Amino acid sequence: METAAVIVAAGKGTRAGGDIPKQFQLLDGLPVLARTIRAFSSISEIDRVVVVVGADYLGLYRELVEPRLGAQKPEIVMGGAARSQSVLNGLAALKPGDTHMVLIHDGARPLVSRALILRVIDAAKLHQAAAPAIAVSDTLWRGADRVVTASANRAGLFRAQTPQAFALSDIVAAHKGFDGAATDDVELALAAGLAVKIVAGDEDNIKITTPADFARARRILGEGFGGQMDIRTGNGFDVHAFEAGDHVVLCGLKIPHIAALKGHSDADVAMHALTDAIYGALAAGDIGTWFPPSDAKWRGAASDIFLRHATKMTHDQGFKITHVDLTLICERPKISPHSGAMRARLAEIMGIECNRVSVKATTSERLGFTGRSEGIAAMATATLVSL
Ligand code: MG
């Protein structure tokens, strides 16, 4: 019998600020929801992952999250008006005959650890249901108008977390028998008379709600990876000669010039150097390995297909691009008026923040082929960090 995970990410997440719901925002280079899904799909004890997404945000999911999941894509189910309806929609994707245990998890808890998930699974094998929580250690007050009106007894109080694990048939019955709004599934389970075993929660398993939670999550990620982070640096170099024409393509931008660059593709020397830097960091050959010039298919191709390929390979191998630095070497055209747009274009293709993309230029003091304006050279460095 299978063990399944239902990840609920159908909320609007407006308290976190930003233009898009929090579960799609980047946390250290990876969307929050992609991190959450990876935490479950990487565990062999979990056979199926179902993600519940708001119907309005399916496009965002496909654009931002799905490409960052590697080979294992979860099933997608549309959310409902309330959290409990969203959970029920997720549960409906599972069959009691196939799935025995289901873990229900908040999509906004991306830092859930493998150890915590396994603790919950182990406890749920021995009990009707299991969920992680942390005993309250702070003194509790009641207050009104920001004045303390009483202190409250904290004995026996816990802060609830997810994933919460149940037998599929039990939690489906609990949902169907519950009338009203519940903030989590343990509340429904209790109403249905199920005994829920508390397992040790994890202070790092925070629910991201506000911008301050994003900052805290970044700190936790920074600390957690200390000592085991895999950092790769690659460099790339490319040269293209000028030929007759009226523009060059650099970093995906068409820039008017008295000549064009000669090449098999669009001859975007800058994007080629950058793409080779990423392949270099992955020790994965170069552009010619993946897009042989002997193949007529790539004639005149826009070079962003090369950079997108290298970016996807980075993600598939469990890395993210944390920084790139690109230097163009030429007398003309002048690069500085275009460097802002170049950075934005490269950042967009790689799916990273603009402040992680450097584009600069130098001349070679009229020396050599670049000095004689026979062509343009570009060199790039890319830094990749394990996720
Ligand atoms: Mg080239």
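Refer to the structure printed above.
So, a few notes on the structure that sits alongside this text. Only a predicted model underlies this, so the values are computations on that prediction, with no experimental measurement involved.

1. Description of the packing of helix α8 (residues 269-281) against helix α10 (residues 304-316)
Moving on, step 1. At their nearest, the axes of α8 and α10 sit 9 Å apart, and the two run at 20° to each other. Taken together, the axes of α8 and α10 lie roughly parallel to each other. For the pair α8 and α10, the crossing hand works out as left-handed. Residues Met271, His272, Leu274, Thr275, Ile278 and Tyr279 of α8 form the contact with α10, whose participating residues are Asp304, Phe306, Leu307, His309, Ala310, Met313 and Thr314.
Moving on, step 2. Split into classes, the residues belonging to the contact of α8 with α10 amount to eight nonpolar, four polar and one charged.

2. A word on the pairing of strand β8 (residues 140-144)
Moving on, step 1. Sparse coverage of β8 is indicated by the burial of zero of its five residues.
Moving on, step 2. By the bridge criterion, five bridges tie β8 to strand β9 (residues 147-152) in an arrangement that is antiparallel. Residue pairing in the sheet places Leu140 in a bridge with Ala152 of β9.
Moving on, step 3. The turn joining β8 and β9, which pair antiparallel and follow one another in sequence, is formed by two residues; a positive phi near 50° is taken by Asp145.

3. What about the coordination of the magnesium ion?
Moving on, step 1. Around the magnesium ion, the protein contributes the donor atoms Asp238 (OD), His240 (NE2) and His272 (ND1), at 2.1 to 2.3 Å from the metal centre.
Moving on, step 2. All donors of the magnesium ion belong to a single chain; written as a sequence motif, their spacing is D-x1-H-x31-H. Taken together, the positions of His240 in strand β13 (residues 231-244) and His272 in helix α8 put the pair 32 residues apart, joining distant regions of the chain.

4. Considerations on the pattern of salt bridges
Moving on, step 1. What the rule picks out here adds up to 16 salt bridges.
Moving on, step 2. A salt bridge links Lys320 to Asp28, with the nearest nitrogen and oxygen atoms 3.1 Å apart. Of this pair, Lys320 sits in strand β17 (residues 319-329) while Asp28 is found in the loop between β2 (26-27) and β3 (30-31), placing the two residues 292 residues apart along the sequence.
Moving on, step 3. One salt bridge in this structure joins Arg109 and Asp106, with 3.1 Å as the shortest N-O distance. With respect to class, Arg109 is no different from Asp106; both count as buried.
Moving on, step 4. Overlapping salt bridges, with partners in common, bring together Arg83, Asp106, Arg109, Asp185 and Lys207 in one network.

So, how was this worked out
Residues numbered from 1 in each chain as written. Predicted model: local features only at pLDDT ≥ 70, side-chain atom pairs only at ≥ 80, totals over all residues. Heavy atoms only, no water. Axes fitted to C-alpha atoms, helices over the stretch in contact; angles between N-to-C directions. Helix = DSSP H or I, 4+ residues; strand = E, 2+ residues; numbered from the N terminus. Parallel < 35°, antiparallel > 145°, perpendicular 65-115°, else oblique. Left-handed = near helix turned anticlockwise from the far one by under 90°. Contact = heavy atoms within 4.5 Å. Nonpolar A, V, L, I, M, F, W, Y, C, P; charged D, E, K, R; others polar. Buried < 20%, exposed > 50% of the residue type's maximum accessible area, 1.4 Å probe, protein only. Pairing = 2+ DSSP bridges. Donors = N, O, S within 2.8 Å, 3.2 Å for Na, K, Ca; no water. Salt bridge = Lys/Arg side-chain N within 4 Å of Asp/Glu carboxyl O.

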